[in-house]
Amino acid sequence: MQRTNIANPAYFHKVVDCQYACPAHTPVPEYIRMIAQRRYSDAYMINWASNVFPGILGRTCDRPCEPACRRGRVEESNAEAPEPVAICRLKRVAADMKDDVHARMPKLAPKNGKRIACIGAGPASLTVARDLAPLGYEVTVFDAEAKAGGFIRTQIPRFRLPESVIDEETGYVLDLGVEFRGGERIDSMKALMDQGWDAIFVGCGAPRGRDLDVPGRQEAAASIHIGIDWLNSVSFGHVSSIGKRVIVLGGGNTAMDCCRSARRLGGTDVKVIVRSGFDEMKASPWEKEDAQHEGIPIVNFHVPKAFVHDNGKLLGMRFEIVRAAYDAQGRRSLVPTGEPDAYFECDEVLVAVGQENAFPWIERDCGLDFEKSGLPVLDKNTFQSTVPNVFFGGDAAFGPKNIITAVAHGHEAAVSIDKLLHAEPIYIRPAPMTNLVSQKMGIHEWSYDNDTSNDLRYKVPWEKAETALASIRVEVELGFDAATAFKEAERCLNCDVQTVFTEAACIECDACVDICPMDCINFIENDEEAQLRPRLKAPALNEAQDLYVSGGLKTGRVMVKDEDVCLHCGLCAERCPTGAWDMQKFLLKMTPAGQGVAA
């Protein structure tokens, strides 16, 4: 293997698994350390710079960071159910416990005369506004609803996300001199283009829920509702009750929100029915667990066949029972089991089988090209459309994803818009800002807490069931208190504090090998990666995680470290008699709009 190029920031970024997995690349260990120090406002602002909505995401994020967390891998030998650090819940701690941060928001540059229109007031558009408004751009955000937030406000139930949190965090963005035109729907892209905007950003989401065309759908339509539309109506108080017996169709997070909302609005017999298996459902694991915790059964491998009705009055639904079958290539199909159809009585049905994009307001002769799928033709790096000054982001760009992905799109689109309006090539992306700083304070002292906690993941307290289920607006999760937040923060392995090896100083005494608690350091004859991995003291089986390989040492061997299971405890650096190992904090900050360099 070749010597690892640690001068390339991408290498150490990949070692910080949580930050690497986050679409917005939030510096997770950095803000978790600040929470442990009770520096909640600092932790909040680190989050805000990256993900814009820490309080919202601390309650609703899809948490791509947590499956990536190394803690869930290194605990496997000493925990029945190893779990990652509760990164998302700690983000909420920063939001809930911070001081007033208004004075810490960006200062506004003088207006530069450039006008930006953002269509939709969801997370992608608000991120564009957050990045461009402080630079002097005149940003106007249009939305059909009276208040900003987009699907954050209309589709996420209040028992998961209080409206006060939405108001606060959308307010931070709008207070940056952004003009918000609520209740103003854009009906024509051509008309908008004719208004002379310097750039247009489309962040209107995927506003249309898929329907289910099976017999009885039209006849029983009064009792059958599209999930996202129904959640919207619940959010704005247009719907305040539902029938006792409710079937929710679909296996995504929207279906979980529907069933839990129905439970609070009077449904006593609420069940989720899904075509796929439980493990194949698109809903996040914790969303499924929360629904089941509230007594909502999930029925799998049932394919809808018909809505059963009596002269338009919905009586129930009939389903074909299927099983998963796999061909020689491992492709899955659902095949009937031959069992009799299943029948479930119900009063109302919520259809949450997916969402799709709808752009009826964009004329097809305005210069914008669309894929056969109905999505716009975009550059996947710049988010630029076939009209050079029109950009898309969030669900409107590549289909339904999640909030944090929409935020990441907004950041990148803002960079593109800023470069375009400065006549710079937008395909040349500004490199992130990085540094490596030694944490050594003495022979055996570090400027971070390197004592690895053995605690298992702490559970977040819930509101009492009788209180939570009695109202759609009572928040279920109560969040960590300060003491529990500290203990959970201590579970973080500080993966951004890197083990940096200097081969010129190494005398190959193997002291680091002896003291390493995870057997992840090896001095070994070099070889091809496929042959090297199984030969290590503890075989490195996770090929998704790089090996750290030194240059040739005096004996001709190389140092090979398996990053997958390293605890970043610093024992190797403490034990090394020559200082060949050092613990250096790696900080990566994605370069925002306004700091690009012309090529």
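Above this note sits the structure.
Keep in mind that this is a model prediction, so the values were computed, not measured.

Asker: Where do I start with the layout of surface pockets in this structure?
Answerer: Using a probe with the size of a water molecule, rolled over the atoms, empty space left in the structure can be pinpointed. Taken as a whole, the largest pocket spans an internal volume of roughly 1200 Å³. Lining the largest pocket are 50 residues; nearest its centre among them are Gly252, Asn253, Thr254, Lys282 and Gly354. Within the residue set of the lining of the largest pocket, elements represented by two or more residues are helix H5 (54-60), helix H13 (227-235), helix H14 (253-264), strand E10 (302-310), strand E15 (355-356) and helix H17 (403-420). Class assignment of the residues belonging to the lining of the largest pocket gives a composition of 22 nonpolar, 17 polar and 11 charged.

Asker: I keep staring at the side chain of Glu294 and nothing clicks. Help me out?
Answerer: In this structure, Glu294 sits in the loop between helix H15 (285-293) and strand E9 (298-299). Residue class for Glu294 comes out buried when judged on its relative accessible area of 7%. Only 2.7 Å separates the side chain of Glu294 from the side chain of Arg264, close enough to count as a polar contact. Once residues within four sequence positions are removed from consideration, Glu294 is found in contact with Arg260, Arg263, Arg264, Trp462, Leu469 and Val476.

Asker: Sorry, what's going on with helix H9 (residues 123-132) here?
Answerer: Because the α-helix completes a turn every 3.6 residues, residues three or four places apart line up on one side. Within H9, 10 of the 10 residues are buried, leaving the element largely enclosed by the surrounding structure. Turning to H9, its buried residues are Pro123, Ala124, Ser125, Leu126, Thr127, Val128, Ala129, Arg130, Asp131 and Leu132.

Asker: What's the story with the packing of H9 against helix H11 (residues 163-174) in this structure? I'm lost.
Answerer: Geometry of a packed helix pair, given as the angle between the helix axes and the separation of the axes. Running from N to C, H9 and H11 point in directions that differ by 40°, and their axes come no closer than 8 Å. Here H11 runs oblique to H9, going by the angle between their axes. Of H11, the residues touching H9 (which contributes Leu126, Ala129 and Arg130) are Thr170, Val173 and Leu174.

Asker: How do you make sense of the packing of helix H4 (residues 40-51) against H17 when you look at a structure like this?
Answerer: Look at H4 against H17: their axes get within 9 Å of each other, and the N-to-C directions meet at 70°. The angle between H4 and H17 places the two elements in the roughly perpendicular class. Here H4 contributes Ala49, Ser50 and Asn51 to the contact with H17, which in turn contributes Ile404, Val407 and His411. Here the residues of the contact of H4 with H17 sort into 3 nonpolar, 3 polar and no charged.

Asker: What is the right way to read the sheet that holds E9 from this model?
Answerer: By definition, the strands of a sheet pair up through backbone hydrogen bonds, in either a parallel or an antiparallel sense. Pairing is parallel in the open sheet, where 5 strands are placed in the order E6-E14-E7-E8-E9. Taken across any chain shown, the strands that pair with only one partner, and hence form the sheet edges, are strand E6 (224-226) and E9. Pairing of strand E7 (residues 245-249) with strand E8 (residues 269-273), which is carried by 5 bridges, proceeds in the parallel orientation. Within the sheet, the bridge partner assigned to Val248 lies in E8 and is Val272. Set on the sheet, H13 makes contact with E6 and strand E14 (348-351); between it and E6 the angle comes to about 85°. Strand contacts of H14: E7, E8, E9 and E14, with the helix running at about 170° to E8, the strand carrying the most contacts.

Asker: Teacher, can you tell me more about the pattern of salt bridges here?
Answerer: Pairs can form between side chains of opposite charge whenever their charged atoms are close. Going through the model one piece at a time under the given rule, you end up with 49 salt bridges. Between Arg208 and Glu356 there is a salt bridge whose closest N-O contact spans 3.2 Å. Of the two residues, Arg208 sits in strand E5 (residues 208-209) while Glu356 sits in strand E15, which places them 148 residues apart along the sequence. According to the relative accessible area criterion, Arg208 is partly exposed, its value standing at 42%. On the basis of relative accessible area, Glu356 is assigned to the partly exposed category, the value being 27%. Its salt-bridge partner being Asp290, residue Arg260 comes within 3.9 Å of it at the nearest N-O pair.

What counts, and at which threshold
Residues numbered from 1 in each chain as written. Predicted model: local features only at pLDDT ≥ 70, side-chain atom pairs only at ≥ 80, totals over all residues. Heavy atoms only, no water. 1 Å grid on protein atoms, 1.4 Å probe; cavity = no way out; pocket = protein on both sides within 12 Å on 5 of 7 lines; lining within 4 Å. Points joined across faces, edges and corners; volume = space filled by probe spheres on them. Helix = DSSP H or I, 4+ residues; strand = E, 2+ residues; numbered from the N terminus. Nonpolar A, V, L, I, M, F, W, Y, C, P; charged D, E, K, R; others polar. Buried < 20%, exposed > 50% of the residue type's maximum accessible area, 1.4 Å probe, protein only. Polar contact = N/O pair within 3.5 Å; in protein donor to acceptor, adjacent residues only side chain to side chain. Contact = heavy atoms within 4.5 Å. Axes fitted to C-alpha atoms, helices over the stretch in contact; angles between N-to-C directions. Parallel < 35°, antiparallel > 145°, perpendicular 65-115°, else oblique. Pairing = 2+ DSSP bridges. Salt bridge = Lys/Arg side-chain N within 4 Å of Asp/Glu carboxyl O.

Without other data, these values stay purely geometric and don't point to any function.
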